[in-house]
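# Per-entry structural report
What follows is the residue order along each chain.
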Amino acid sequence: QVQVVESGGGLAQAGGQLRLSCIASGRVSSINAMGWYRQNPVKQRELVAEITSGGRTTYADSVKGRFTISRDNTKNMVYLQMNSLKPEDTAVYYCNAHNRFGGDSWGQGTQVTVSS
């Protein structure tokens, strides 16, 4: 079993930046990819960015060029640097760990609010 816990988030103005962190614990050796998803009241949960254990990254079109995902395998952590924030980035952001057996572990979520 893998557990993930997010930190960071909060309130930012449009054009500002925030950084999210996520630490994994438990059977971390089973983790294949880690990523960030977000959900707001009018949208289903969507992928924001993902990074594999080999460092391959995937981004949603809406955040390309503004957000950067990175991973520190020695600390079992993944980060999401969010720059040039927009009000439409407002959502609850969830950390995800996907293991090689096809299972997913989710954090509790952290609120990101961007004011215009």
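Residues numbered from 1 in each chain as written. Predicted model: local features only at pLDDT ≥ 70, side-chain atom pairs only at ≥ 80, totals over all residues. Heavy atoms only, no water.

A word on the overall build of the protein. A tally of helices and strands in the protein yields 0 helices and 11 strands. Whereas a compact globule of 116 residues would reach a radius of gyration of roughly 13 Å, the protein reaches 13 Å, a difference of no more than 12%. Its C-alpha atoms give the protein principal-axis dimensions of roughly 40 × 25 × 20 Å. Among the 116 residues that make up the protein, the fraction classed as buried is 39%. A separation of at least 24 residues holds for 52% of the contacts in the protein among residues at least 6 apart in sequence. Entry remark: accessible area of the protein is about 6200 Å², with carbon and sulfur atoms responsible for 46%. Side-chain charges in the protein split into 12 positive and 8 negative, and the spacing between the mean points of these groups amounts to 4 Å. (Helix = DSSP H or I, 4+ residues; strand = E, 2+ residues; numbered from the N terminus. Rg over C-alpha atoms; globule rule 2.2 N^0.38 Å. Buried < 20%, exposed > 50% of the residue type's maximum accessible area, 1.4 Å probe, protein only. Contact = heavy atoms within 4.5 Å. Areas by Shrake-Rupley, 256 points an atom, 1.4 Å probe, with all protein chains shown as cover. Lys, Arg positive; Asp, Glu negative; His and termini not counted. Charge placed at Lys NZ, Arg CZ, Asp CG, Glu CD.)

Ranked by internal contacts, the top residues of the largest apolar core, which has 27 residues, are Met34, Trp36, Leu80, Met82 and Tyr93. Contributions of two or more residues to this core are made by strand S1 (2-8), strand S3 (18-26), strand S4 (31-39), strand S5 (46-52), strand S7 (67-72), strand S8 (77-82), strand S9 (91-99) and strand S11 (110-115). Residues contacting Leu80, with those up to four places away along its chain left out, are Leu18, Arg19, Leu20, Trp36, Val48, Ala49, Phe67, Thr68, Ile69 and Tyr93. (Core = buried A, V, L, I, M, F, W, Y, C linked by side-chain atoms within 4.5 Å.)

This brings us to the side chain of Arg38. Along the chain, Arg38 turns up in strand S4. By relative accessible area, Arg38 is classed as buried at 6%. In terms of polar contacts, Arg38 uses its side chain to reach the side chain of Glu46, at 2.8 Å. A polar contact is formed between the side chain of Arg38 and the side chain of Tyr93, at a distance of 2.9 Å. (Polar contact = N/O pair within 3.5 Å; in protein donor to acceptor, adjacent residues only side chain to side chain.)

A positive phi is found at Asn76, a non-glycine position, where the angle reads about 55 degrees. Assignment of secondary structure puts Asn76 in the loop between S7 and S8. Its identity as a non-glycine residue notwithstanding, Ser84 has a phi of 50 degrees, on the positive side. Along the chain, Ser84 falls in the loop between S8 and S9.

Moving on, we come to the state of the cysteines. Using the criterion set out here, one finds 1 disulfide in the structure. Paired by a disulfide, Cys22 and Cys95 hold their sulfur atoms 2.0 Å apart. Between Cys22 and Cys95, the S-S dihedral sits near -80 degrees, and the bridge is therefore left-handed. Taken together, the residues span a long stretch of sequence, with Cys22 in strand S3 and Cys95 in strand S9 at a distance of 73 residues. A relative accessible area of 0% means that Cys22 is categorised as buried. (Disulfide = S-S within 2.5 Å.)

Okay, the sheet that holds S7 next. Overall, antiparallel pairing links the 4 strands, which are arranged S1-S3-S8-S7 in an open sheet. Here the strands that pair on one side only, and so sit at the sheet edges, are S1 and S7. Adjacent strand axes in the sheet meet at a mean angle of 15 degrees when their direction is disregarded. Of the strand pairs in this sheet, S1 and S3 are connected by 7 bridges, and their pairing is antiparallel. If you follow Gly8 over to S3, its bridge partner there is Leu20. (Pairing = 2+ DSSP bridges. Axes fitted to C-alpha atoms, helices over the stretch in contact; angles between N-to-C directions.)

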